[in-house]
Amino acid sequence: MIHAETRVRIRQLFYAEHWKVGTIARQLALHPDAVRHALETARFHGGHRLRPSITDPYLDFIRLTLEQYPRLRATRIYQMIRARGYGGSVVQLRRLVARLRPARREAFLCLRTFPGEQAQIDWGCFGQVKVGRARRSLSCFVATLSFSRALYLEFFFNQSLESFLTGHRHAFEDWQGSPRTLIYDNLRSAVLERHGDQIRFHPRLLELCAHYHCGPRPCQVRAAHEKGRVERAIRYIRESFFAARPFANLEDLNRQALQWRDAIAYARPWPGDDSKTVRQAFDQERPSLLPLPAHPFDTDLVMPVQAGKTIYVRFDLNDYSIPPQAVGRPLILVASQDCIRILDGTAEIARHRRCYDRHERILDPAHQEALLAEKRKAFGATATGRLAQAVPESEALLDAAFACGESPV
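Residues numbered from 1 in each chain as written. Predicted model: local features only at pLDDT ≥ 70, side-chain atom pairs only at ≥ 80, totals over all residues. Heavy atoms only, no water.

Visitor: Quick question: what am I supposed to make of the pattern of salt bridges here?
Guide: Once their charged atoms are close, side chains differing in charge can pair, the charge on each being opposite to the other. Applying the stated criterion to the full structure yields 20 salt bridges. The salt bridge partner of Arg-261 is Asp-262, with a shortest N-O separation of 2.6 Å. Residue Arg-261 is classed as buried on the basis of its relative accessible area, which comes to 4%. The salt bridge partner of Glu-348 is Arg-341, with a shortest N-O separation of 3.5 Å. The class for Glu-348 is partly exposed, based on a relative accessible area of 38%. A relative accessible area of 23% means that Arg-341 is categorised as partly exposed. (Salt bridge = Lys/Arg side-chain N within 4 Å of Asp/Glu carboxyl O. Buried < 20%, exposed > 50% of the residue type's maximum accessible area, 1.4 Å probe, protein only.)

Set out below in structure tokens:
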């Protein structure tokens, strides 16, 4: 409120001294709108008279048409009123239609879930990172418990089915239990095919759900609000954790992510009761989660491989060594996020750390030594080879004899 003395001073400076509104506002330390209100003159409160528009005669027709057909395009309305004598441009009509078109706002209920009842799961894309000579897409697996908002996040270099299942297993192990229902959108790792309400889930996802005694449930098509908790969690991770954060490698990024989760995300107020933290709500929810089975679900990728002429098999742009006796035989490659195992039947014949670079050869020195031993053994099977092994100086004599046309044998 402006005191009566101040109002008198404002009117005196404006009408008698002819000061401008901005000058009065600066002199008396007031907002210009407060000065205008104190002047109480039609000069400042009068509305602007709008000029007549070429669309004015068609306003009622356009309103009625949009009430009946709210999604009708402006170009179609333009054709309709041109037939009724409109001579203006379509650009002018588009502005009018955008102003008159009824806003389509869908109302939603605020849903609450029971503890341990539901988790929402999705991928978040975080651009690309350079790993040696390769550029890898960086994705974040995010799972959020709907009751407590406790979350699990893990970064991967892909969005493969194996990474998706690994994220589930690690989340359940981190929470020390599993929820009863898992909510997804229609991502390929979860839903193979959908026809109306008929859904065909990925068989591997169904195996995981059977193992952990939970059930999958997809959202409706184009209904992201049905998993709004995980959508907001991804945005929170993007803005609060990932932005401007340096990291050395994927292991370092995931280590920092869980530290941030425990120190920052779990300390934020719980949306259900701001007197509690998310950690306290999660402690309340944890006993309601389903107990974990005795053995974890196997999420490794299993695929057949076969080496050609060398002691290497190729996987994900890199070559991994195998024993020379396995060359040419059908083998099984088992890939986890950090390890490559190669099996001959049920026997493991090679194990390597997984490489995310490209065109790298990952060699076990024992495999190379075994190959060289085989080559040395083959060399000693001939008479000249045995002589060279017994008397190394004989190689020069045999070479000279061969150059003179003599047989070295």
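Visitor: How should the sheet that holds strand S16 (residues 361–362) be read in this particular structure?
Guide: One key point about sheets: their strands pair by backbone hydrogen bonds, in either a parallel or an antiparallel sense. Taken together, the 3 strands give an open sheet; going across it, the order is S11-S12-S16, and neighbouring strands pair in mixed fashion. Each edge of the open sheet is held by one strand with a lone partner, namely strand S11 (312–315) and S16. Pairing between S11 and strand S12 (residues 318–321): 4 bridges, direction antiparallel. Bridge pairing in S12 places Arg-314 opposite Asp-319. (Pairing = 2+ DSSP bridges. Helix = DSSP H or I, 4+ residues; strand = E, 2+ residues; numbered from the N terminus.)

Visitor: What should I look at first to understand the nonpolar core in this one?
Guide: The tendency in soluble globular proteins is for nonpolar side chains to be buried side by side. In terms of nonpolar packing, the biggest core is built from 31 residues, with Phe-141, Phe-164, Trp-175, Leu-182, Tyr-184 and Leu-205 touching the most fellow members. Only strand S1 (118–131), strand S2 (134–145), strand S3 (151–156), helix H8 (161–175), strand S4 (181–184), helix H9 (203–212) and helix H12 (278–285) provide two or more residues apiece to this core. When residues of this core are assigned to their parent elements, the largest contribution, 6 residues, is made by H8. When near neighbours in sequence (up to four residues on either side) are disregarded, Tyr-184 contacts Ile-121, Phe-164, His-168, Ala-190, Leu-205, Pro-216, Arg-217, Pro-218, Cys-219 and Lys-227. Counting residues in hydrophobic clusters, the runner-up holds 21 residues, among them Val-230, Ile-234, Phe-242 and Ala-257. (Core = buried A, V, L, I, M, F, W, Y, C linked by side-chain atoms within 4.5 Å. Contact = heavy atoms within 4.5 Å.)

Visitor: Hey, could you run me through the packing of aromatic side chains in this one?
Guide: Remark: the centre distance and the inter-plane angle together describe each pair of aromatic rings, the angle taken between the planes. Here the structure, examined in full by the defined rule, presents 20 aromatic pairs. An aromatic cluster is defined as three or more aromatic residues linked by ring pairs; in this entry it consists of Phe-126, Phe-155, Tyr-236, Phe-241, Phe-242, Phe-247 and Trp-260. If you follow Arg-238 out to its NZ or CZ, it ends over the ring of Phe-126, 4.5 Å from the centre. Across the ring face of Tyr-312, the terminal group of Arg-361 is positioned such that the distance to the ring centre comes to 4.9 Å. (Phe/Tyr/Trp six-rings, centres within 6.5 Å; stacked < 30°, edge-to-face > 60°. Lys NZ or Arg CZ within 6 Å of the ring centre and 35° of its normal.)

Visitor: Looking at this model, I keep getting lost on the environment of Leu-208. Mind explaining?
Guide: Position of Leu-208 among the secondary structure elements: in helix H9. Excluding residues within four positions of it along the chain, Leu-208 makes contact with Leu-165, His-168, Phe-172 and Phe-297.

Visitor: Sorry, what's going on with the packing of helix H1 (residues 4–16) against helix H2 (residues 21–28) here?
Guide: Two quantities define a packed helix pair, namely the angle between the axes and the distance from one axis to the other. Contact pair H1 / H2: the axes reach a minimum separation of 10 Å and the direction vectors enclose 140°. With respect to their mutual orientation, H1 and H2 come out oblique. Crossing geometry of H1 relative to H2 is assigned as right-handed. Of the residues in H2, those touching H1 at Arg-9, Ile-10, Leu-13 and Phe-14 are Val-21, Ile-24 and Leu-28. Broken down by class, the residue content of the contact of H1 with H2 amounts to 6 nonpolar, no polar and 1 charged. (Axes fitted to C-alpha atoms, helices over the stretch in contact; angles between N-to-C directions. Parallel < 35°, antiparallel > 145°, perpendicular 65-115°, else oblique. Left-handed = near helix turned anticlockwise from the far one by under 90°. Nonpolar A, V, L, I, M, F, W, Y, C, P; charged D, E, K, R; others polar.)

Visitor: Please clarify how the sheet that holds S3 should be interpreted in this entry.
Guide: Taken together, the 5 strands give an open sheet; going across it, the order is S3-S2-S1-S4-S7, and neighbouring strands pair in mixed fashion. Here the strands that pair on one side only, and so sit at the sheet edges, are S3 and strand S7 (215–218). Each strand axis lies, on average, 25° off the axis of its neighbour in the sheet, ignoring direction. Of the strand pairs in this sheet, S4 and S7 are connected by 4 bridges, and their pairing is parallel. In the strand pairing of S7, Leu-182 is matched with Pro-216. The sheet strands contacting helix H10 (residues 228–242) are S1, S2 and S3, and the helix crosses S1 at an angle near 35°. Across the sheet, helix H11 (residues 250–263) is in contact with S2 and S3; its angle to S3 comes to roughly 165°.

Visitor: I would appreciate a short explanation of the layout of surface pockets in the present structure.
Guide: Over the atoms rolls a probe the size of a water molecule, and in doing so it shows where empty space is left. If you add up the space inside the second largest pocket, you get close to 510 Å³. Around the second largest pocket, the lining comprises 29 residues; the ones closest to its centre are Leu-250, Glu-251, Gln-337, Asp-338 and Tyr-356. Contributing elements (two or more residues each) for the lining of the second largest pocket: S3, H8 and H11. (1 Å grid on protein atoms, 1.4 Å probe; cavity = no way out; pocket = protein on both sides within 12 Å on 5 of 7 lines; lining within 4 Å. Points joined across faces, edges and corners; volume = space filled by probe spheres on them.)

Visitor: Is there a simple way to explain H1 in this structure?
Guide: Residues spaced three or four apart along an α-helix point in a common direction, a consequence of the helix completing one turn every 3.6 residues. Compared with the 18 Å implied by 1.5 Å per residue over 13 residues, the 17 Å span of H1 between its first and last C-alpha is a close match. Of the residues making up H1, those classed as buried are Ile-10, Leu-13 and Phe-14. The buried residues of H1 occupy an angular sector of 95° when the element is viewed end-on, so they sit on one face. Among the exposed residues of H1, those oriented more than 90 degrees off its buried face are Ala-4, Glu-5 and Val-8. Just beyond H1, the residue with positive phi is His-18, at close to 60°. (Expected span 1.5 Å × (residues − 1). Arc of directions from axis to C-beta.)

Visitor: I would appreciate a short explanation of the pairing of strand S13 (residues 330–335) in the present structure.
Guide: In regular strands, side chains alternate between the two faces of the sheet. Judged from the 6 bridges that link them, strand S10 (residues 301–306) and S13 form a sheet pairing that is antiparallel. When the sheet's bridge partners are listed, Leu-301 is paired in S13 with Ala-335.

Visitor: What is the right way to read helix H6 (residues 74–82) from this model?
Guide: Along H6, the positions that sit buried rather than exposed are Ala-74, Ile-77, Tyr-78, Met-80 and Ile-81. For H6, the arc enclosing every buried residue in end-on projection is 165°, short of the 170-degree limit, so these residues lie on one face. Looking at the buried side of H6, the elements it contacts are helix H5 (59–68) and helix H7 (90–100).

Visitor: So what exactly am I meant to see when it comes to the pairing of strand S9 (residues 273–277) here?
Guide: Relative to S9, strand S8 (residues 269–270) runs antiparallel, the two sharing 2 bridges. Directly across from Pro-269, in S9, lies its bridge partner Thr-277. As consecutive antiparallel partners, S8 and S9 are separated by 2 residues.

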